[in-house]
Structures are given as structure tokens and as C-alpha cells.
Amino acid sequence: MTPPAVVKARSTVLVLAVLVLLGGSIGYVLHARERGGGHRLVAAEASFTLNEPGLYYRDGATGRVARTPGAPDGPSCERFYAAGERALCLRALPGTPARTQAVVYDRAFTELRTVTVPGIPNRARVSPSGQVLSWTTFAVGDSYAASGFSTRTSILDLRTGYLVKSIEEIPLTLGGARHHAADVNYWGVNFAADDKHFYATVATGGRTHLVEGDLDAWSARTLRENVECPSLSPDGTRIAFKKKVSDDPAAPWRLYVLDLADLREHPTAESHSVDDQAAWLDDSTLGYALPARQGKGSDLWSVPADGSGEPRLLVPGASSPVTVAPATASASASAAAPR
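Residues numbered from 1 in each chain as written. Predicted model: local features only at pLDDT ≥ 70, side-chain atom pairs only at ≥ 80, totals over all residues. Heavy atoms only, no water.

Participant: How would you explain the pattern of salt bridges if you had to name every residue and give the values?
Facilitator: Enumeration according to the criterion identifies 16 salt bridges in this entry. Of the charged contacts in the structure, one is a salt bridge between E225 and R207, with a shortest N-O distance of 3.1 Å. Note that E225 is positioned in strand 16 (residues 219–225) and R207 in strand 15 (residues 207–214), a separation of 18 residues in sequence. Overall, E225 belongs to the partly exposed group, its relative accessible area being 37%. Close ionic contact of K243 with E265 constitutes a salt bridge, the shortest N to O distance being 2.4 Å. (Salt bridge = Lys/Arg side-chain N within 4 Å of Asp/Glu carboxyl O. Helix = DSSP H or I, 4+ residues; strand = E, 2+ residues; numbered from the N terminus. Buried < 20%, exposed > 50% of the residue type's maximum accessible area, 1.4 Å probe, protein only.)

The following block contains the structure:
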């Protein structure tokens, strides 16, 4: 009989290998779980809100959301995103099997809804209005996958309260024909301003595709191959994405931008392999995480979206960047109310 220590070591190696193949960007979460620890789950300080416009991000040292400039006084999250009047925080819950807690907040960081799903935090996005949210977890144990691993993506519509626990069953058109396969995986959902259309990555048959989805019609169709973790520009005309350019597992991707009008693409000036869902910090700038050049964790970088310029270090020891717009009058009133 194989000793338990050997079985555990083999399992860890297998999980890490699959993460490289899927581009999960969650190795640090697995490392924390392997140690049986991770950051303590804490709430935001009463003074910390989203009503100050600027750059928000996850602070790697504390695991809490921070604002530039300012202390990391937000809630603890593994993934964070905000838009409109809502924020989404993904937390890795302690214990086994792996579980993720998706928490929806208003601008005052009052919890509005909490959903617990299987798997490890992967991606988080909120529609520009703040009304539709999506998250992806790295799941374990799906029988159809030869490796036993897959992603699972959920969509929550706050207008109706309806939760789609997994979008894998959405009718998919691939290459002009309906596609049915047991290995279909979605991740990296990103919403258009109409709260109806979305873009995401779908993987099937060993290939990845950019899909455009329609929530109202409940349908999705592929647009082109080799697009992962799409991020729609504020004007809705471009998609930032990671493109596989190499079979080297240490550096397989480059950060590209795709013009949706003609599906032409160009690389950004970032030459390092980017394993992240980039965020549009404004109409012309992308923010993303890279492995830290000193120590563990990641650093937050930016680069022009048009291919010009050069990468710039924004915040050491950070990830999950998002630019938060000024609060509306209703949001400011809500934040001023007692908590």
C-alpha cells in the first residue's frame, strides 16, 4: 500500500500541473490550503468604503482590500472586483473539501448576499451597472475530466435574485454548429454595459475560444480561438486577453488586445507571461498581476492597451486591481448611514 505521505505529495504535484495547463492563477491559494492556513477572514473597517474614487486592489501581505493611497482596511478576499454600486469578494473557506464564499457588498461594504460554492477562488467580475455578477472557481472531482479537475462559473442577477450555479449547460454554438461535449468549461466572464451580453473563455477539445453570450436568449457562440480571460474595454470595443504563445509551462502567455469590430489583435508592451484576467484601469490602460520579483505573491503592473509604451509597476505585493468611479448620490447616502 502506498504511504499516505507519498499519496499526498503525488496529489499536490498533479494539482499544480493542472493549474499550469488551465491557467488558474491560484497556486498561492493551494499553497495556503496545503499549509492548513491562509489569511484570517475579516470584515472591512467601518471607515472603509468604495465612495473614494481611485485604484482598489488586494493587498498580498494582509489578504485585505486596499485603496491607493491608504491602508488595507477592506474585507479579506482572494479575488476582488467592483463596479456600479456593488463589489464582489471571493474567499477561500478553511477546511476540506475546498469551498469558496462569494460575498456581494454595497459601497459601504454591507453584505447583501453570500453564496458558498465548491472549489477554489479563480475569477470575479461585476457588470458596469453592478447588477450582474460572475465568479469562477477551480473545481475538483468532475468525473468527465480525465484529470479530475475543471472550472465552474456562476452568474448572479441581482435584479431578479436568480443564481445560475454553473453556465456549462448554456447552448453553445462553435464554428457555426451546436456543440455538445462533456469537457466544456467556462471561465473569466466579463459583462457588457447592457447587462445582457457577456464575453468569456470556453475550453473544449483541448482548445480555448472567446465566446459571446446572451443572458436573455441564454445562448453563447464562439468568436475565435486562443483567447483566455477576456476583459471588455469601458467603451465596449476591445477585449484584453491572455494568448497562448508558447508550450513552455513557465511562460505560455502574452497579454494581447483584440478589436471586436474586425477581430484583429496586437500584443501589448508587456513581455512577461501574464496569467491573470487584466482589468481596464481606464480607456487606454490595463492593470494585471505578475509574480513578485522579490519574495512571494504578486505585484501589480500597468501597460498601455494600444501596444505602445512600457510596463509600469503600480503596487508591490498586490493583485485584483479595479478602478472605482465616484459614488452616486444614493450610494453616498447609503455609506453615511449607521452600520
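Participant: Which residues make up the packing of aromatic side chains, and what are the values?
Facilitator: Scanning all chains against the criterion turns up five aromatic pairs. Between Y105 and F109, the aromatic rings sit 5.2 Å apart at their centres with planes inclined by 65 degrees, giving edge-to-face as the arrangement. Through a chain of ring-to-ring contacts, three or more aromatic side chains come together here, namely F48, Y56, F80, Y105 and F109. Over the aromatic face of W253 sits the side chain of K242, whose NZ or CZ is 3.8 Å from the ring centroid. Taking NZ or CZ as reference, K243 lies 4.8 Å from the ring centre of Y256, over its face. (Phe/Tyr/Trp six-rings, centres within 6.5 Å; stacked < 30°, edge-to-face > 60°. Lys NZ or Arg CZ within 6 Å of the ring centre and 35° of its normal.)

Participant: Residues and numbers for the pairing of strand 15, please.
Facilitator: Counting buried positions over the eight residues of strand 15 gives seven, a clear majority of the element. Here strand 14 (residues 197–204) pairs with strand 15 via eight bridges, running antiparallel. Note on strand 15: the bridge partner recorded for H197 is D214. Where strand 14 folds back on strand 15, the antiparallel hairpin that results is connected by two residues, among which G205 adopts a positive phi of roughly 60 degrees. Across six bridges, strand 15 lies against strand 16 in antiparallel orientation. Bridging across to strand 16, G213 finds its partner in A220. Between the end of strand 15 and the start of strand 16, which pair antiparallel, lie four residues, with W218 showing a positive phi angle near 50 degrees. (Pairing = 2+ DSSP bridges.)

Participant: Describe the sheet that holds strand 6 (residues 111–118), and please don't skip the residues or the numbers.
Facilitator: The strand order across the open sheet built from four strands is 3-4-5-6, with neighbouring strands paired in antiparallel fashion. Either end of the sheet is taken by a strand with one partner, and the two such strands are strand 3 (79–83) and strand 6. Across this sheet, the average inter-strand angle for adjacent strands is 15 degrees, counted without regard to direction. Of the pairings in the sheet, the one linking strand 5 (residues 99–105) to strand 6 comprises seven bridges and is antiparallel in character. Each residue of the ladder has a partner; that of Y105, found in strand 6, is E111. (Axes fitted to C-alpha atoms, helices over the stretch in contact; angles between N-to-C directions.)

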